Every structure is written in C-alpha cells, then in structure tokens.
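Here is how the chains run, residue by residue.
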Amino acid sequence: MGGATVSIESIEMLLASEDELWPVKIKELELANQRRLLMMQMTENSILKTQQENFKAMISMGQNTLKSIIMINGGATVAFIAFMNNNLSHFLSTGELSVVYVFIWEALISLGVGTLLSGMGVGASYFAQGDYAAIFERQIPIIRKWAQDGGELNLNYKISIWHIVTIIFCVLAYLCTFVGIVFCAIGFSQLF
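Here, residues in each chain are numbered from 1, in the same order as that chain's written sequence. In view of the model being predicted, local features appear only for residues whose pLDDT reaches at least 70, and side-chain atom pairs are presented and counted only at 80 or more, with totals across whole chains, interfaces and linings using the full set of residues. For side-chain calculations, the full set of non-hydrogen atoms in the structure is used, while hydrogens and water are omitted.

Re the overall build of the chain
Where helices and strands are cited, they refer to DSSP runs of H or I of at least four residues and of E of at least two residues respectively, numbered from the N terminus. Helix and strand counts for the chain come out as three helices and zero strands. Ordered by position in the sequence, the α and β elements of the chain form the string α-α-α. Taken across its 192 residues, the chain has 22% of its residues classed as buried. Any two residues whose heavy atoms approach within 4.5 Å at even a single point are treated as in contact. Restricting the contact set of the chain to residue pairs at least 6 apart, pairs at least 24 apart contribute 79%. Total accessible area on the chain is roughly 13300 Å²; 69% of this is exposed by carbon and sulfur atoms. Burial classes follow relative accessibility: with a 1.4 Å probe on protein chains only, a residue under 20% of its type's maximum area counts as buried, one over 50% as exposed, and anything between as partly exposed. Areas reported here follow the Shrake-Rupley algorithm with a probe of radius 1.4 Å; residue values treat only the protein chains shown as occluding.

Thoughts on the confidence of the model for the chain
Known as pLDDT, the predictor's confidence for each residue is given on a scale from 0 to 100. Residues of the chain with pLDDT of at least 70 account for 84%, and the chain-wide mean is 79. Ranking the helices and strands of the chain by mean pLDDT puts helix H3 (residues 161–189) first, with 89, and helix H1 (residues 8–93) last, with 76.

Some remarks on the nonpolar core
The biggest cluster of nonpolar side chains holds 10 residues, and these are Phe-80, Met-84, Phe-91, Val-100, Tyr-101, Ile-104, Ala-107, Leu-108, Leu-111 and Cys-184. Every element with two or more residues in this core is listed here: H1 and helix H2 (95–149). Sort the elements by how many residues they give to this core and H2 lands first, with six residues. Apart from residues lying up to four places away in sequence, Met-84 is in contact with Tyr-101, Ile-104, Trp-105 and Leu-108. Take the buried residues of types Ala, Val, Leu, Ile, Met, Phe, Trp, Tyr and Cys, join any two whose side-chain atoms come within 4.5 Å, and each joined set is a nonpolar core. Listed in part, the eight residues of the second largest apolar core include Leu-66, Ile-69, Leu-117 and Cys-176.

Encoded structure:
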C-alpha cells in the first residue's frame, strides 16, 4: 500500500489559507443577507406608499370628474328653472313660444337626469375604490414573496365592476348634458 507523506508546513499553509478564505465567505453571506433585508424593507415601504398614493389619486380623480359633471348639469338645471320661472307667462301666452317651452322642459329634464347620474357615479366611485383597495391587499403577499425570493414580479389587476359602473354613469351624465344642450338649441332655433 502506498502512503503519502505530508509535511507539517503544508498542513499549516492549508489551515492558514482556510483562515483567510472563511472570513471572506462569511462577509459575502452577511452582505447578501443585508441586501435581501434591505430589499424587503424597501418593498414594504413601497407597498405602503403605493397604497396611500393610489387611494389619494383615485379618490381625487373620481371626485373631480364627478364634481365637474354635477356642477355643469346642476348649474344648467338651476339656470333653466330660473329662466322658466321668469318667462313662464310669455311662453304660455303665445302658441309659438309654447313649442319652445316643451323643448326647454325636455332640456331641463335631461340636465336633471344628468345631475342624478353624476350623484350615482359618486357613490359607485366609492365602491370602486374599495374594490381596488381589496385587490391590492390580495397582491401584498405576492409582492412580499417576490421581495424575499427575487425573480419576476407578476401582479394581476382587474378592472372593478364598480369602476365600469362609475364610468357608465359619467358617460351617461355627459350624454344627458349634450342632449339637454341639443333640446335647448332646437327650442331656441324655432324662435329665429
């Protein structure tokens, strides 16, 4: 049987090289762990900030859109009511003006319905925001797992049914505004 001789110097050199190598490996592992923890902390902060900003933005945009529709339709409705109140006796006194009176009533009804639809849109936007918050809450575990494991982040966001309902109310309210303007234009065009 063959034997190999190993000198004490070579064993000491081997142990010395391992003493130099292990601290470097340990330091690399510590840095990798610190990077992973920092990534997790940054992800958690990002989740919180995203939640807050999405909530603020969605509510602000929805409210501003719906407020503008309410102001347009509501203001026009009030203006038509005041106009009709001041000129009702003139409209009813002649046959020509009574035709205009019918169109103004139709415009008033259309604008009033637009105001009602706008108010309903405000309520639907509240429910839409609640749905989006719930969807995001369901995505948080996926984001946290991604922060721990790395890899590709795939989130699944679907449009809320309440979002679609809100958009429909907005479109219908604007359509009512347009129809009200058309009725008004048709009615007043018969005078000239």
